[in-house]
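Take a look at the letters that make up each chain.
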Amino acid sequence: MGEPASDRRLYRSNPRYVLRGLDDLDPSQRQAVAGTSSSPVLGGLLVPAASEDGTIKVVSRSLRSLFEQLAVPCRLPSPAWPALYGEELGDLVGAEVLEVQIADRFVTGVEAIAELATGRPAPPVGRLATLSCDAIAYAESLQLDAQADIAARLYTFHRVAIRPAWRTTEYGDAFRARMRRAMPHRPGSGPRWIEGPNHPWRTCRRRDLPARAERSTPKLYVSPTPEHLADTVAASVPLIAEAPGVIGWKVADTIGAMVRPDKFVVYLESERALQDLAAALAPVLAGTDVHGVPFTCDTGLDGLLSRGLDPAASPDRHHALVDSWRTWVTARLAGGLEQARRAGLTGRQAHFAALQRIQAAGVDPSTWQPTAEPVRAGERSAL
């Protein structure tokens, strides 16, 4: 949020929300939120108090405990919560979970972020950053009420419309045949990789690594236009399979996944491994028509290659609370737009509020480069 660590402000739980248990939901709602009726790591729900606006939020056990204890205002950062500072605090204030005292009153959400910001977000740099701003403008123009609906529109922005010819059985069969030919030497037949379908993807991952990382995971997006996907995979997979630091990758296995901008994604152990792989892929993919993935940081070839950073999993996080990079980003942008709508902001003012919201969470919206580890506060819009 731009504050020096020595500037300890007074924070409290947002009194406009009340804690509720998952048992307060009917079974279908509970399944949609948690994926299970009795997950031990889900702490509950934050529900707007009577007559208050806001979104229902699913919270982890640690966030529930924090919310309960901060019913009494406390100065933060504090030794009692050593991990709670900087972007973590900014994210919780931006999500309206916590309030912060500014002057003589407590404020939260986009109002608080605007008060605490030390500078305006910089203009977009490059094709992908401009595309991301277009997505925000489009989502805001729809004037949707529900944060989850806004996030879905942001996340799916820039998908290619499926042509009638692509919906035929013949085209689907031909697409799968092209993708099989793109990987004639199947990595899954070797000792290093496990390969398999994971609808709507074809995936490969290292045999010697767990499926779920407990630290942030760099990811490299390879985003050709749908017509060039098979050729791009054929040129890329031999290099990816031999590159050090690759954890795994996924590629579209259906027409619906083919038209996504994020149709081909590689997961890596480190930022250095990502940069090395991008440098190896650039010469062999030069000249490929670019689709481009919104809310990712351009890594080469005018957006054909871009990167993100999946938040870490945690023992205190249920699978339903573990986000991908773009899910994490669009949830926060949607929260900013939804709060802006409630505050009566529209157009550029609403766009600016959304950009300040994601900047407070540790992302530079001029490039979509994370400036800090994605925070994992365990909060998300639920219903």
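This structure is a prediction, so every number in the text was calculated from the model and none was measured.

Helix and strand counts for the protein chain come out as 12 helices and 17 strands. Of all 383 residues assigned to the protein chain, the portion counted as buried reaches 52%. In the protein chain, of all internal contacts separated by at least 6 residues, the share reaching a separation of at least 24 is 71%. Taken as a whole, the protein chain presents about 16700 Å² of accessible surface, with 52% of it coming from carbon and sulfur.

Now for the sheet that holds strand β1 (residues 9–13). Taken in spatial order, the 4 strands of this open sheet run β5-β1-β6-β7, and their pairing is antiparallel. Strands at the two margins of the open sheet, each flanked by one partner only, are β5 (74–76) and β7 (105–107). When the angles between neighbouring strand axes are averaged without regard to direction, this sheet yields 45 degrees. Its contacts with the sheet put helix α3 (residues 86–94) on β1, β5 and β6 (98–102), and the angle it makes with β6 is roughly 105 degrees.

W249 and F264 are the most contacted members of the largest nonpolar core, which has 38 residues in total. Breaking this core down by element, the ones donating at least two residues are α7 (169–182), β9 (201–206), β10 (217–222), α8 (229–242), β11 (246–252), α9 (255–258), β12 (264–268) and α10 (271–285). If you look at the next biggest cluster of nonpolar residues, it comprises 33 residues, including V110, L154, W325 and A354.

Another aspect to go through is the side chain of T254. Along the chain, T254 falls in the loop between β11 and α9. On the basis of relative accessible area, T254 is assigned to the buried category, the value being 17%. For T254, the residues in contact, after removing those within four places along its chain, are F175, H199 and P200.

For any pair of aromatic rings, the description rests on two quantities: the centre-to-centre distance and the angle between the ring planes. The final tally for this structure, using the stated rule, is 5 aromatic pairs. Seen from their ring centres, F295 and W368 are 5.2 Å apart, and the 75 degrees between their planes marks the pair as edge-to-face. Separated by 73 residues along the polypeptide, F295 in the loop between α10 and β13 (297–300) and W368 in the loop between β15 (363–364) and β16 (369–370) bring together distant segments of the chain. Here the two residues F295 and W368 agree in accessibility, since each one is buried. A centroid spacing of 5.7 Å and a plane angle of 20 degrees characterise the contact between W325 and W328, whose relative ring orientation is stacked.

What follows concerns the pattern of salt bridges. Under the criterion given, the structure shown has 20 salt bridges. For R206, the salt bridge goes to D208, with nearest N and O atoms at 2.8 Å. The closest approach of N and O atoms between E338 and R342, which form a salt bridge, is 2.7 Å. With a gap of 4 residues between them, E338 and R342 both fall in helix α11 (residues 325–342), about one helical turn apart. A relative accessible area of 27% places R342 in the partly exposed class. Each of the salt bridges in this network shares a partner with another, and the network as a whole consists of E96, D145, E338, R341 and R342.

This paragraph deals with the packing of α3 against helix α4 (residues 109–116). The contact between α3 and α4 brings their axes to 7 Å, and the two run at 140 degrees. It follows from the interaxial angle that α3 and α4 lie oblique. Together, G90, V93 and G94 of α3 and G109, A112 and I113 of α4 make up the contact between the two elements. In terms of residue class, the contact of α3 with α4 is made up of 3 nonpolar, 3 polar and no charged.

To continue, consider the confidence of the model for the protein chain. Mean pLDDT over the protein chain works out to 87, with 86% of the residues at or above the 70 mark. Mean pLDDT per element in the protein chain: strand β17 (residues 379–381) is the minimum at 45, and helix α5 (residues 127–141) is the maximum at 98. For residues 315–322, every residue scores under 50 in pLDDT, and the model assigns this stretch 34 contacts once sequence neighbours within four places are set aside.

Further remarks concern the side chain of H351. Its place among the elements puts H351 in helix α12 (residues 347–360). Excluding residues that lie within four positions of it along the chain, H351 makes contacts with I136, A137, E140 and L337.

For the rest of this paragraph, the subject is unusual backbone geometry. A cis geometry characterises the amide bond from L76 onward to P77, with omega recorded as 0 degrees. As for its placement among the helices and strands, P77 is situated in the loop between β5 and α3. With an omega dihedral of 10 degrees, the bond running from H199 to P200 counts as a cis peptide bond. Along the polypeptide, P200 turns up in the loop between β8 (193–198) and β9. The backbone of E96 sits at a positive phi, close to 65 degrees, despite the residue not being glycine. Counting through the fold element by element, E96 comes out in the loop between α3 and β6. Of the residues examined, E96 reaches a relative accessible area of 8% and is grouped as buried. Positive phi values are uncommon outside glycine, yet A103 reaches one of about 60 degrees. Along the polypeptide, A103 turns up in the loop between β6 and β7. Residue classification places A103 among the exposed positions, given a relative accessible area of 74%.

Reading guide: rules and limits
Residues numbered from 1 in each chain as written. Predicted model: local features only at pLDDT ≥ 70, side-chain atom pairs only at ≥ 80, totals over all residues. Heavy atoms only, no water. Helix = DSSP H or I, 4+ residues; strand = E, 2+ residues; numbered from the N terminus. Buried < 20%, exposed > 50% of the residue type's maximum accessible area, 1.4 Å probe, protein only. Contact = heavy atoms within 4.5 Å. Areas by Shrake-Rupley, 256 points an atom, 1.4 Å probe, with all protein chains shown as cover. Pairing = 2+ DSSP bridges. Axes fitted to C-alpha atoms, helices over the stretch in contact; angles between N-to-C directions. Core = buried A, V, L, I, M, F, W, Y, C linked by side-chain atoms within 4.5 Å. Phe/Tyr/Trp six-rings, centres within 6.5 Å; stacked < 30°, edge-to-face > 60°. Salt bridge = Lys/Arg side-chain N within 4 Å of Asp/Glu carboxyl O. Parallel < 35°, antiparallel > 145°, perpendicular 65-115°, else oblique. Nonpolar A, V, L, I, M, F, W, Y, C, P; charged D, E, K, R; others polar. pLDDT = per-residue confidence, 0-100.

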